[in-house]
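Chain by chain, the residues run as shown.
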Amino acid sequence: TQGGLEYTSGGDETTGEVQAGSLEAAVSSAARVMDSYLLGRLFDHFRFSDHCLALKRYLLLGQGDFIQTLLANVGTDLGERAGLVSGYKLSGALEASIRASNAQYDDPDVLRRLR
């Protein structure tokens, strides 16, 4: 058939034609709706932008005053064997670094995940 797809159902002689243009339009419309919904959930509900900014600040060392304070607090411990370093001491150093830097003003959810 011209401009469409032809299909038959099982052994039945019933033949129907699906217009390719209308099928493409329906799929495109559904894709736009789902894209919009998923992006809304990702950016609004799960706050993807905030998480990316936190990654930039803390893992990529963009929050300079926090990193300087943290390294000053744990600098001596970094030379020790991992088994000898106290987790409580590191947690305390992290908390002190947060309070002593601009990191203290970040969103509580971001700080909770940093800890």
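Residues numbered from 1 in each chain as written. Predicted model: local features only at pLDDT ≥ 70, side-chain atom pairs only at ≥ 80, totals over all residues. Heavy atoms only, no water.

### Section: the overall build of the chain
- A count of helices and strands for the chain gives five helices and two strands.
- Ordered by position in the sequence, the α and β elements of the chain form the string β-β-α-α-α-α-α.
- The 115 residues of the chain split such that 17% are buried. (Helix = DSSP H or I, 4+ residues; strand = E, 2+ residues; numbered from the N terminus. Buried < 20%, exposed > 50% of the residue type's maximum accessible area, 1.4 Å probe, protein only.)

### Things to note about the nonpolar core
- Listed in full, the nine residues of the largest apolar core are Ala 54, Tyr 58, Phe 66, Ile 67, Leu 94, Ile 98, Ala 103, Val 110 and Leu 111.
- Secondary-structure elements contributing two or more residues to this core are helix H2 (48–59), helix H3 (64–74), helix H4 (87–100) and helix H5 (108–114).
- Setting aside its immediate chain neighbours within four residues, Phe 66 contacts Tyr 58, Leu 94, Ser 97, Ile 98, Ser 101, Ala 103 and Leu 114. (Core = buried A, V, L, I, M, F, W, Y, C linked by side-chain atoms within 4.5 Å. Contact = heavy atoms within 4.5 Å.)

### Let's talk about the packing of aromatic side chains
- Applying the stated rule across the entire model yields one aromatic pair.
- Ring geometry for Phe 43 versus Phe 48: centroids 5.5 Å apart, planes at 90°, classification edge-to-face.
- Judged by its relative accessible area of 37%, Phe 43 is partly exposed. (Phe/Tyr/Trp six-rings, centres within 6.5 Å; stacked < 30°, edge-to-face > 60°.)

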